[in-house]
Amino acid sequence: MSTEAPRVELTPAAGELLRKLREAHGPLMFHQSGGCCDGSSPMCYPEGEFRTGDSDVLLASLAVEGVTEPIGFWMSKSQYEVWSHTRLIVDVVEGRGGGFSLEAPEGVRFLIRSRMLGT
């Protein structure tokens, strides 16, 4: 059994919101933005709506209680090189984000909190 900390984890609030979004939209995925308009936010899409390719890395397949399939968490390789030493924690905060993420109509947005690996 591995004792290594997960690369990506969810707060309870994020898990609750993901259950709601899954019920409304079907299987889900995340892609961690590299900045620009959406300010480096984790963007949640229906699975497969955001096309990933050789320039992306699958960091985690997130298990959410009450959701049958894992939720993939993707990031571009170039951004991963910068963030590779961190553990990403997906949380939810009040307010709308600046992108096309599924939670926008809910009046909340996903937010990344991070810790150095090993802490």
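What this report covers is the structure whose coordinates are included nearby. These numbers come from a predicted model, not from an experiment.

**Remarks on the sheet that holds strand S5 (residues 71-76)**
Logical step 1: Pairing in this open sheet of four strands is mixed, and the strands run S3-S2-S5-S4 from one edge to the other. Here the strands that pair on one side only, and so sit at the sheet edges, are strand S3 (42-46) and strand S4 (56-62). For this sheet, the mean angle separating the axes of adjacent strands, direction not counted, is 25 degrees.
Logical step 2: Pairing analysis gives six bridges linking S4 to S5, with the strands arranged antiparallel. Note on S5: the bridge partner recorded for serine 61 is glycine 72.
Logical step 3: Packed onto the sheet, helix H1 (residues 12-25) meets strand S2 (28-32), S3 and S5 and runs at close to 120 degrees relative to S2.

**Quick word on H1**
Logical step 1: Between its first and last C-alpha, H1 extends 20 Å over 14 residues, near the 20 Å set by a 1.5 Å rise per residue.
Logical step 2: Along H1, the residues classified as buried are Ala14, Gly15, Leu17, Leu18 and Leu21. Down the axis of H1, the buried side of the element spans an arc of 165 degrees, and every buried residue falls inside it. Structural note: H1 exposes Pro12, Glu16, Glu23 and Ala24 on the side pointing more than 90 degrees away from its buried face.
Logical step 3: Those residues of H1 that are buried are in contact with strand S1 (8-10), S2, S3, S5, strand S6 (86-94) and strand S7 (108-116).
Logical step 4: Positioned one or two residues after H1, glycine 26 has a phi angle of 85 degrees, which is positive.

**Some details on the pairing of S3**
Logical step 1: By the criterion of burial, S3 is predominantly enclosed, with five of the five residues buried.
Logical step 2: Pairing of S2 with S3, which is carried by five bridges, proceeds in the antiparallel orientation. Along S3, the bridge assignment pairs phenylalanine 30 with cysteine 44.

**A closer look at the environment of alanine 14**
Logical step 1: Locating alanine 14 in the fold gives a position in helix H1.
Logical step 2: Classification of alanine 14 by relative accessible area gives buried; the value is 0%.
Logical step 3: Residues alanine 14 and valine 90, spaced 76 residues apart in sequence, show a C-alpha to C-alpha distance of 6.5 Å.
Logical step 4: Excluding residues that lie within four positions of it along the chain, alanine 14 makes contacts with Val90, Asp91, Val92 and Phe110.

**Details of the side chain of aspartate 56**
Logical step 1: Tracing the backbone shows aspartate 56 in strand S4.
Logical step 2: Despite its burial, aspartate 56 remains without a salt bridge, the nearest opposite charge being carried by lysine 77 at 9.0 Å.
Logical step 3: Residues in contact with aspartate 56, not counting those within four places in the same chain, are His31, Arg51, Trp74, Met75, Ser76 and Lys77.

**Some thoughts on the packing of aromatic side chains**
Logical step 1: Under the counting rule described, the total for this entry stands at three aromatic pairs.
Logical step 2: Geometrically, the ring pair formed by phenylalanine 30 and phenylalanine 73 is tilted, given 5.5 Å between the ring centres and 40 degrees between the ring planes. Residue phenylalanine 30 is found in strand S2, and its partner phenylalanine 73 is found in strand S5; the two are separated by 43 residues along the sequence.
Logical step 3: When the ring of tyrosine 45 is compared with that of phenylalanine 50, the centres are 5.3 Å apart and the planes differ by 25 degrees; the resulting orientation is stacked.
Logical step 4: When its relative accessible area of 11% is taken as the criterion, tyrosine 45 is described as buried.
Logical step 5: On the accessibility criterion, phenylalanine 50 (29% relative accessible area) is partly exposed.

Analysis parameters
- Sequence order sets the numbering: in each chain, residues are counted from 1 along the sequence as written.
- Note on the predicted model: pLDDT of at least 70 is required for a residue's local features to be given, and 80 or more for side-chain atom pairs to be given and counted; whole-chain, interface and lining totals, by contrast, use all residues.
- Note that water and hydrogens are dropped before the side-chain values are worked out from all heavy atoms of the structure.
- Strand pairing is assigned whenever DSSP identifies at least 2 bridges connecting the two strands.
- Secondary structure elements are defined from DSSP: runs of H or I of at least 4 residues count as helices, runs of E of at least 2 residues count as strands, and each element is numbered from the N terminus.
- Convention adopted: a line fitted to C-alpha atoms gives each axis, helices being fitted over their contacting stretch, and angles between N-to-C directions are expressed from 0 to 180 degrees.
- Only heavy atoms matter for contacts: two residues are in contact if any of them lie within 4.5 Å across the pair.
- The span expected for a helix works out to 1.5 Å for each residue beyond the first.
- A 1.4 Å probe rolled over the protein chains alone gives each residue an accessible area, and that area as a share of the maximum for its type sets the label: buried under 20%, exposed over 50%, partly exposed in between.
- This arc describes the spread of directions from the helix axis toward the C-beta atoms.
- Counted as positive: Lys and Arg. Counted as negative: Asp and Glu. His and the chain ends are not counted at all.
- Here, a salt bridge means any side-chain nitrogen of Lys or Arg that lies within 4 Å of a carboxyl oxygen of Asp or Glu.
- Stacked, tilted and edge-to-face are the three classes applied to pairs of Phe, Tyr and Trp rings, where Trp contributes its six-membered ring and a pair requires centres within 6.5 Å; stacked means planes under 30 degrees apart, edge-to-face means over 60, and tilted covers the rest.

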